[in-house]
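Commentary on secondary and tertiary structure
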Amino acid sequence: MIYVKLFWEFFQTGLFAVGGGMATLPFLYDISDRTGWFTHHQLADMIAVSESTPGPIGVNMATYAGYLTAGLPGAVVSTVGLITPSVIVILLVAAFLNKFHENKYVNGAFYGLRPASSAMITAAGLILARVVFLSGGSVNIKALILALILLLFTHAVTFTKKLHPVTWIAFSAVVGIIFKY
């Protein structure tokens, strides 16, 4: 029965999480709260692993969550559940897009979906920031300092702005090991 529940939860996530992998975060927080399959801290780890491994973040997180919940079969079921709606929708869109390319209703729907997906990603980012920076009811100063340093070096310091993201992921991992986050 757990596999049916996993498939259904991730099917719904895949169907309604418009805007890419980060848009799945509000759904994952909801799944965590309702099912208890994983904690918010495990979800933060899930995000870190999913961001630093190859592949789409939403699929990586579904796989990770499924694995935490029901091992390897759970990972497969949750991943298939997440991608099934996308496969169906893309096949339908590909079949009909040329006919509806100039349709004002289709264009209006896409116009409305953009801010919705932005809001979902922002909400997920705020939840994640709370988990990372306010762990245990107090401010995690180390995490805040690391985030500010990364923000500075990735956006303000000219010679480091062009470094590959893998460099920053590796740097963050080393800092986490050294300072025992």
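Described in the following lines is the structure provided in the data block. Given the structure is predicted, the values throughout are model-derived calculations rather than measurements.

**Re the packing of helix α6 (residues 141-155) against helix α8 (residues 165-179)**
Two numbers describe how α6 lies on α8: the axes approach to 12 Å, and their chain directions differ by 155°. Viewed along their axes, α6 and α8 adopt a mutual orientation that is roughly antiparallel. In terms of crossing hand, the pair formed by α6 and α8 is right-handed. Residue-level inspection shows Lys-142, Leu-146, Leu-150, Phe-153 and Thr-154 of α6 in contact with α8, the latter providing Trp-168, Phe-171, Ser-172, Val-175 and Phe-179. Its residues assigned to classes, the contact of α6 with α8 shows seven nonpolar, two polar and one charged.

**Quick notes on the environment of Gly-125**
By the element assignment, Gly-125 lies in helix α5 (residues 104-133). Through-space distance from the C-alpha of Gly-125 to that of Leu-15 is 20 Å; in sequence the pair is 110 residues apart.

**Considerations on the pattern of salt bridges**
Pairing of side chains with opposite charge becomes possible as their charged atoms draw close. Applying the stated criterion to the full structure yields two salt bridges. For Glu-9, the salt bridge is made with Arg-34, and the minimal N-O distance between the two is 2.6 Å. Here Arg-34 lies in helix α2 (residues 25-35) and Glu-9 lies in helix α1 (residues 2-16), a separation of 25 residues in the sequence. Taking the relative accessible area as the measure of exposure, Glu-9 reaches 12% and is therefore buried. Ionic contacts of the salt-bridge type, sharing partners, join the residues Glu-9, Asp-30 and Arg-34 into one network.

**With respect to the packing of α1 against α2**
Where α1 contacts α2, the two axes come as close as 10 Å, and the packing angle between them is 155°. One element, α1, and the other, α2, form an angle in the roughly antiparallel class. α2 is crossed by α1, and the crossing has right-handed handedness. Taken together, the residues of α2 that come into contact with α1 (itself represented by Glu-9, Phe-10, Thr-13 and Phe-16) are Phe-27, Leu-28, Ile-31 and Arg-34. Looking at the contact of α1 with α2 residue by residue, the classes come out as five nonpolar, one polar and two charged.

The rules behind each value
Residues numbered from 1 in each chain as written. Predicted model: local features only at pLDDT ≥ 70, side-chain atom pairs only at ≥ 80, totals over all residues. Heavy atoms only, no water. Axes fitted to C-alpha atoms, helices over the stretch in contact; angles between N-to-C directions. Helix = DSSP H or I, 4+ residues; strand = E, 2+ residues; numbered from the N terminus. Parallel < 35°, antiparallel > 145°, perpendicular 65-115°, else oblique. Left-handed = near helix turned anticlockwise from the far one by under 90°. Contact = heavy atoms within 4.5 Å. Nonpolar A, V, L, I, M, F, W, Y, C, P; charged D, E, K, R; others polar. Salt bridge = Lys/Arg side-chain N within 4 Å of Asp/Glu carboxyl O. Buried < 20%, exposed > 50% of the residue type's maximum accessible area, 1.4 Å probe, protein only.

So yeah, pure geometry; function would need other evidence.
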